[in-house]
Amino acid sequence: MKKRIVVVEDFITSRQVIRKTLEKMGYTVEEASDGREALKFFDGSKIDMVISDFNMPNMDGAEL
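This is a predicted model, so every value here is computed, not measured.

Draft legend 1. Spotlight on the overall build of the protein chain. Counting secondary structure elements, the protein chain contains two helices and three strands. Radius of gyration (C-alpha) of the protein chain: 11 Å, near the 11 Å computed for a compact globule of 64 residues. Principal axes of the C-alpha set define a box for the protein chain whose edges measure 30 × 30 × 15 Å. The burial tally for the protein chain puts 27% of its 64 residues in the buried class. If you take every contact in the protein chain between residues at least 6 apart in sequence, the share linking residues at least 24 apart comes to 57%. Averaged over its 10 positive side-chain charges, the protein chain has a centre that lies 8 Å from the centre of its 12 negative ones.

Have a look at this one:
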């Protein structure tokens, strides 16, 4: 089973680069543009890693 990583980054280009790199390495990648949007992934299903920006609108990495 593939490991699942959630990438939280408000800058779309950075998010796309991270996603493509991780997918090439065989990971399943979910993405969100801020912490508030990322909360939908915390639904009880397994997340193996979260990669988060710190400075984002709505909910920053520290709050997440």
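Draft legend 2. Expanded view of the nonpolar core. Val6, Val8, Ala32, Ala38, Phe41 and Met56 form the largest nonpolar core, which has six residues in total. Discounting chain neighbours no more than four positions away, the residues touching Ala32 are Val7, Val8, Glu9, Arg15, Glu37, Ala38 and Phe41.

Draft legend 3. Quick peek at helix 1 (residues 12-24). With 13 residues, helix 1 should reach 18 Å at 1.5 Å per residue; the first-to-last C-alpha distance of 18 Å fits that figure. Following helix 1 by one or two positions, Gly26 has its phi on the positive side, about 100 degrees.

Cut-off values and rules
Residues numbered from 1 in each chain as written. Predicted model: local features only at pLDDT ≥ 70, side-chain atom pairs only at ≥ 80, totals over all residues. Heavy atoms only, no water. Helix = DSSP H or I, 4+ residues; strand = E, 2+ residues; numbered from the N terminus. Rg over C-alpha atoms; globule rule 2.2 N^0.38 Å. Buried < 20%, exposed > 50% of the residue type's maximum accessible area, 1.4 Å probe, protein only. Contact = heavy atoms within 4.5 Å. Lys, Arg positive; Asp, Glu negative; His and termini not counted. Charge placed at Lys NZ, Arg CZ, Asp CG, Glu CD. Core = buried A, V, L, I, M, F, W, Y, C linked by side-chain atoms within 4.5 Å. Expected span 1.5 Å × (residues − 1).

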